[in-house]
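The residues making up each chain are set out below.
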Amino acid sequence: MPENDEVDRIVAAWQRTHPQLDFSPLQVLSRVARLSKHLDRARRDAFASSGLEPWEFDVLAALRREGAPYQSSPKALLQQTLVSSGTMTNRIDRLVERGLVERRTDPHDGRGVLVAMTSRGREAVDTAIRELVAREAELLGALSLADQERLAGLLRKLSLDFD
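Criteria and cut-off values
- Residues numbered from 1 in each chain as written.
- Predicted model: local features only at pLDDT ≥ 70, side-chain atom pairs only at ≥ 80, totals over all residues.
- Heavy atoms only, no water.
- Helix = DSSP H or I, 4+ residues; strand = E, 2+ residues; numbered from the N terminus.
- Rg over C-alpha atoms; globule rule 2.2 N^0.38 Å.
- Buried < 20%, exposed > 50% of the residue type's maximum accessible area, 1.4 Å probe, protein only.
- Contact = heavy atoms within 4.5 Å.
- Areas by Shrake-Rupley, 256 points an atom, 1.4 Å probe, with all protein chains shown as cover.
- Lys, Arg positive; Asp, Glu negative; His and termini not counted.
- Charge placed at Lys NZ, Arg CZ, Asp CG, Glu CD.
- Salt bridge = Lys/Arg side-chain N within 4 Å of Asp/Glu carboxyl O.
- Expected span 1.5 Å × (residues − 1).
- Arc of directions from axis to C-beta.

1. Looking at the overall build of the chain
- Within the chain one finds seven helices and three strands.
- In sequence order, the chain lays out its α and β elements as α-α-α-β-α-α-β-β-α-α.
- Rg of the C-alpha trace for the chain: 20 Å, well past the compact-globule value of 15 Å for 163 residues, more than 25% over.
- Buried positions account for 25% of the 163 residues belonging to the chain.
- Of all intrachain contacts in the chain linking residues separated by at least 6 positions in sequence, the fraction that spans at least 24 positions is 49%.
- About 11,200 Å² of surface is accessible on the chain, with carbon and sulfur atoms providing 54% of the total.
- Of the side-chain charges in the chain, 24 are positive and 25 negative, and the distance between the mean point of each set is 1 Å.

Following this line, the structure appears as structure tokens:
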């Protein structure tokens, strides 16, 4: 078993203060919260290497995953990125200004709009995802592949109630 980490020290201190409470949730979720901070930093660094903000990556990644011609409706994009319609409109405007996406008329609905990724946007998101995968692999380096798969399965089981 590995040595104690900061969460072990925090939980031990709480147990001394409130021995009647069950602190087992902290054993898991405090570690998830602390790891989340490391992941956020790694993601920001990965995206910065391609000149993207995290929110820009989110929108471009949603378009890239659509496959050629890398376009989607604003409504589908906001559903994938979990932001409001006003926020998505603002994000699309800013991505258009940067030349990473463009608005197109929907050929199936003349009143509709599609957001299409430009080649510059595709290059940026492809650079960012390569860097992100490398940095996330580093974060998981202490775990064997089998441990990573087991952890992924447990986290999936936990997250199903939230998705």
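2. So, the pattern of salt bridges
- Within the structure shown, the criterion is met by twelve salt bridges.
- The residue aspartate 5 makes a salt bridge to arginine 31 at a minimum N-O spacing of 2.8 Å. Here aspartate 5, found in the segment before helix 1 (6–17), pairs with arginine 31, found in helix 2 (residues 24–48); they are 26 residues apart in sequence, far enough to count as distant.
- By relative accessible area, which is 28% here, aspartate 5 ends up partly exposed.
- A salt bridge links aspartate 126 to arginine 64; the shortest N-O distance between them is 2.8 Å. With aspartate 126 in helix 6 (residues 119–139) and arginine 64 in helix 3 (residues 54–65), the pair connects residues that are 62 residues apart, well separated along the chain.
- Judged by its relative accessible area of 16%, aspartate 126 is buried.
- Under the relative-accessibility criterion, arginine 64 is labelled partly exposed at 28%.

3. Topic: helix 5 (residues 85–97)
- Compared with an ideal rise of 1.5 Å per residue, which puts 13 residues at 18 Å, helix 5 spans 18 Å between its outermost C-alpha atoms and is within 8% of the ideal.
- All buried positions along helix 5 are accounted for by Met88, Arg91, Ile92 and Leu95. Down the axis of helix 5, the sector holding all buried residues measures 100 degrees, keeping them to one side. With respect to the buried face of helix 5, the exposed residues turned more than 90 degrees away are Gly86 and Glu97.
- Of the surrounding secondary structure, the elements contacted by the buried residues of helix 5 are helix 3, helix 4 (74–81), strand 2 (101–106) and strand 3 (109–117).

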